[in-house]
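Tertiary structure, described
Here's the letter readout for the chains.
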Amino acid sequence: MEDLHTPTSQASVAAALKRGVDVAVSATALLAAAPILAVVAVAVLLGMGRPIIFRQQRIGRYGREFTILKFRSMAGGDDRFSPGDDQARLTPLGRWLRATSLDELPSLWNILRGDMSLVGPRPFPTSYRDLYTPDEFRRHDVRPGLTGLAQVNGRNELGWAERFAYDLHYVQRWSLLLDARILARTAVAVLRRQGISAPGTATAHEFRGTAGERQVPATAGRGSR
């Protein structure tokens, strides 16, 4: 396998193919899923009110920021910080949306725009930027993904050091074949609803830096997803 940024014609062609697949799949999926998007939007509106779409600034390729789009899954607040923890704010509808990964459907627009890829390290909030080690920040050498190597190997059940190890392995060993394998494993993981939440929390542990693996349940600072 070759590094995604190896300056060779083969790597350039593979990268172009990856982007072509992203555009084709995301555009097709958005059209095919339009009825589902409409039904979920109405359900969120009736069940939680506005906003229907959760927006948050995330760190993208080369450290550039972008606004990720998801269906809202938590009560209280909008894209700004709001009181209450995830356990209290996660609604029954939101819990189901997360379990089925339907909350991620609007992110297909981020893929079509070029903010994200189908496969890559998951994009994290901008508040994490200064907590990465230089080696960990290499996860941003590629576009963030809707799914990734960490997501099919434990997802939120993993510790942060493990997540970053998978992310860096992906960056260093990326190939179209690896993407295909991750996508196939993602379908299985979604059907089995694996790794949706970390032990002891309704969602995931907040990143406080990998030194000593300090993990605490995420609180209001992550917005009303």
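Now for a description of the structure that goes with this document. (Residues numbered from 1 in each chain as written. Predicted model: local features only at pLDDT ≥ 70, side-chain atom pairs only at ≥ 80, totals over all residues. Heavy atoms only, no water.)

1. Regarding the overall build of the chain
Across its full length, the chain carries seven helices and six strands. Helices and strands appear in the chain in the N-to-C order α-α-β-β-α-α-α-β-β-α-α-β-β. Split into buried and exposed, the 225 residues of the chain put 49% on the buried side. In the chain, the proportion of contacts linking residues at least 24 apart, taken out of those at least 6 apart, comes to 71%. (Helix = DSSP H or I, 4+ residues; strand = E, 2+ residues; numbered from the N terminus. Buried < 20%, exposed > 50% of the residue type's maximum accessible area, 1.4 Å probe, protein only. Contact = heavy atoms within 4.5 Å.)

2. Comments concerning the nonpolar core
Within the largest apolar cluster, 27 residues are counted, with the highest numbers of intra-cluster contacts made by V40, V44, F71, L97, L105, Y170 and I182. Elements that contribute at least two residues to this core include exactly α1 (9–32), α2 (34–48), β2 (65–71), α5 (107–113), β3 (117–119), α6 (160–173) and α7 (176–192). Among the elements that line this core, the one with the most residues is α2, at five residues. Counting residues in each nonpolar core, the second largest holds seven residues, with F124, Y128, W160 and F207 among its members. (Core = buried A, V, L, I, M, F, W, Y, C linked by side-chain atoms within 4.5 Å.)

3. Regarding the environment of R113
For R113, the location among the structural elements is in helix α5. Put simply, R113 and D22 are 91 residues apart on the chain and 9.7 Å apart in space, counted from C-alpha to C-alpha. A distance of 3.1 Å separates the side chain of R113 from the side chain of D115, its partner in a polar contact. (Polar contact = N/O pair within 3.5 Å; in protein donor to acceptor, adjacent residues only side chain to side chain.)

4. Looking at the packing of α2 against helix α4 (residues 92–100)
The interhelical angle for the contact between α2 and α4, taken along N-to-C directions, is 150°, at an axis separation of 10 Å. As judged from the angle between their axes, α2 and α4 are roughly antiparallel. On the side of α2, the interface is formed by V40, A43, V44 and M48, while α4 contributes L93, G94 and L97. Residues that form the contact of α2 with α4 fall into these classes: six nonpolar, one polar and no charged. (Axes fitted to C-alpha atoms, helices over the stretch in contact; angles between N-to-C directions. Parallel < 35°, antiparallel > 145°, perpendicular 65-115°, else oblique. Nonpolar A, V, L, I, M, F, W, Y, C, P; charged D, E, K, R; others polar.)

5. Re the side chain of T91
Along the chain, T91 turns up in the loop between α3 (86–89) and α4. Separated by 2.9 Å, the side chain of T91 and the backbone nitrogen of G94 make a polar contact. Beyond its immediate chain neighbours, meaning those up to four positions away, T91 contacts M48, S73, M74 and A75.

6. Considerations on the packing of aromatic side chains
Taken as a whole, this structure holds ten aromatic pairs when the rule is applied. Judged by centre distance (5.8 Å) and plane angle (35°), the ring pair of W160 and F164 falls under tilted. With a gap of four residues between them, W160 and F164 both fall in helix α6, about one helical turn apart. Like F164, W160 is buried. When the centroid spacing of 4.9 Å and the interplanar angle of 45° are considered together, the rings of W160 and F207 count as tilted. Separated by 47 residues along the polypeptide, W160 in helix α6 and F207 in strand β5 (residues 205–207) bring together distant segments of the chain. Residue F207 is classed as buried on the basis of its relative accessible area, which comes to 1%. Taken together, the aromatic side chains of F124, Y128, Y132, F137, W160, F164 and F207 make up a single cluster linked through ring pairs. Positioned over the ring face of W160 is R163, at 4.2 Å from the centre of the ring. (Phe/Tyr/Trp six-rings, centres within 6.5 Å; stacked < 30°, edge-to-face > 60°. Lys NZ or Arg CZ within 6 Å of the ring centre and 35° of its normal.)

7. Quick notes on α1
One turn of the α-helix equals 3.6 residues, which is why residues spaced by three or four share an orientation. Its 24 residues place the ends of α1 34 Å apart at the C-alpha level, agreeing with the 34 Å of an ideal helix rising 1.5 Å per residue. Structurally, α1 contributes buried residues whose contacts are with α2, α5, β3, α6 and α7. (Expected span 1.5 Å × (residues − 1).)

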